[in-house]
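Architecture at a glance
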Protein chains: 2
Amino acid sequence: MSKRHWEDFAPGSVAIYGPRLVTREEIIAFAAEFDPQPMHLDEAAGQATLLGGLAASGWHSCCLLMRMIADGFVNQTKSMGAPGVEEIRWLEPLRPGTRVWVRTTVLETRASNSRPQVGFVKCRFEMIDAYGTVLTSLVSPLMIERRATGARQ
Amino acid sequence: MSKRHWEDFAPGSVAIYGPRLVTREEIIAFAAEFDPQPMHLDEAAGQATLLGGLAASGWHSCCLLMRMIADGFVNQTKSMGAPGVEEIRWLEPLRPGTRVWVRTTVLETRASNSRPQVGFVKCRFEMIDAYGTVLTSLVSPLMIERRATGARQ
């Protein structure tokens, strides 16, 4: 199967990947390993906080989102990674038993100035639930290989 | 042991937490679960990319950083979580066998306008290696409980 190159992405395009059911067990296991704060480990502790109950670490949401887009499209592209993330917003808690999707919107595409084989595809990634509520939003410029150096789109 | 409140953080203060040795096994296990791109799973695949060899997922770096600051100070504060992250920069690859630290710099503190019991402590978190090279940098406003609502610092 031929992989998608930078030229294959157009600003404004939207795609949805998933769903994935997020379990209590994985929320607690992730928190125990990477973010052992009480509200990510224990229901009663979560109720005593702004989260109002057990909720996944924000980093867990990001990792689940990454897995869904890796399976959904990144691993079907000539991906070269990403230099970073422009912003992450943890808008609503991710609760045990929630089914989530990722909505990907291409915000802009541009060729790299310094690396002629590289193009940037800046995307907004939103983790949404079955009601369309956005739980987590992040913006990141993916680096994807260009089909032909300097060739026209 | 009494926990630190928002009032206990001062702009400009710097602290270092760690070290932690990052193994090849955990890099590959994390990638297999959350970011199964070839350069995070396989040495030869990594050599063919901009990373120039096997390197941890950027999300793995963020999660390791979170764990080090949770152990280092967040769990000794009246932490209330964080609304998001302002930026993440994945500056240099995190290689197997690297010993890492987290340098935390308090950039600013401010009381919440909407929630009188909450204060923000905006920090820059940098994952550094034994040579002081910054591998990953991120900026995030932590929410920490105030000692007394509206009391002076």
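Residues numbered from 1 in each chain as written. Chains lettered and ligands numbered in written order. Predicted model: local features only at pLDDT ≥ 70, side-chain atom pairs only at ≥ 80, totals over all residues.

Looking at the sheet that holds strand β3 (residues 87-90) of chain B
Taking strand neighbours across the sheet as the criterion, the six strands line up as β2(A)-β3(B)-β6(B)-β5(B)-β4(B)-β1(B) in an open arrangement whose pairing is antiparallel. Sheet topology places β2 (84-85) of chain A together with β1 (14-22) of chain B at the edges, where each strand pairs with a single neighbour. Sitting on the sheet, helix α3 (residues 58-72) of chain B touches β1, β3, β4 (98-111), β5 (118-128) and β6 (134-145) of chain B, and the angle it makes with β1 of chain B is about 125°. (Pairing = 2+ DSSP bridges. Helix = DSSP H or I, 4+ residues; strand = E, 2+ residues; numbered from the N terminus. Contact = placed C-beta atoms within 7 Å. Axes fitted to C-alpha atoms, helices over the stretch in contact; angles between N-to-C directions.)

Here we look at the relation of the copies chain A and chain B
With an axial shift of 0.0 Å and an RMSD of 0.0 Å, the rotation relating chain A to chain B amounts to 180°. Taken together, the rotation angle and the small translation identify this as a two-fold axis. Closest approach to the rotation axis within chain A is made by the C-alpha atom of Glu 87 of chain A, at a distance of 2.6 Å. The fraction of interface residues of chain A whose copies in chain B are also interface residues reaches 100%, indicating that both copies meet through the same surface. (Least-squares fit on C-alpha atoms with pLDDT ≥ 70 in both.)

A few points about helix α1 (residues 24-34) of chain B
Quick reminder: α-helices carry 3.6 residues per turn. Residues three or four places apart thus point the same way. Taken residue by residue, α1 of chain B has Ile 27, Phe 30, Ala 31 and Phe 34 of chain B as its buried positions. Angularly, the buried residues of α1 of chain B cover 100° about the axis, an arc narrow enough to put them on a single face. Exposed side of α1 of chain B, more than 90 degrees from the buried face: Glu 25 and Ala 32 of chain B are the residues found there. If you follow the buried residues of α1 of chain B, they end up packed against α3 (58-72) of chain A together with β1 and α3 of chain B. (Buried ≥ 20, exposed ≤ 12 C-beta atoms within 10 Å, placed from the backbone. Arc of directions from axis to C-beta.)

Quick look at the pairing of β3 of chain B
Of the two faces of β3 of chain B, only the one carrying Ile 88 and Trp 90 of chain B is buried; Glu 87 and Arg 89 of chain B on the other face are not. As paired strands, β2 of chain A and β3 of chain B are joined by two bridges and run antiparallel to one another. Opposite Val 85 of chain A, over in β3 of chain B, you have Ile 88 of chain B as the bridge partner. Across four bridges, β3 of chain B lies against β6 of chain B in antiparallel orientation. Looking at the pairing, Arg 89 of chain B lines up with Ser 137 of chain B of β6 of chain B.

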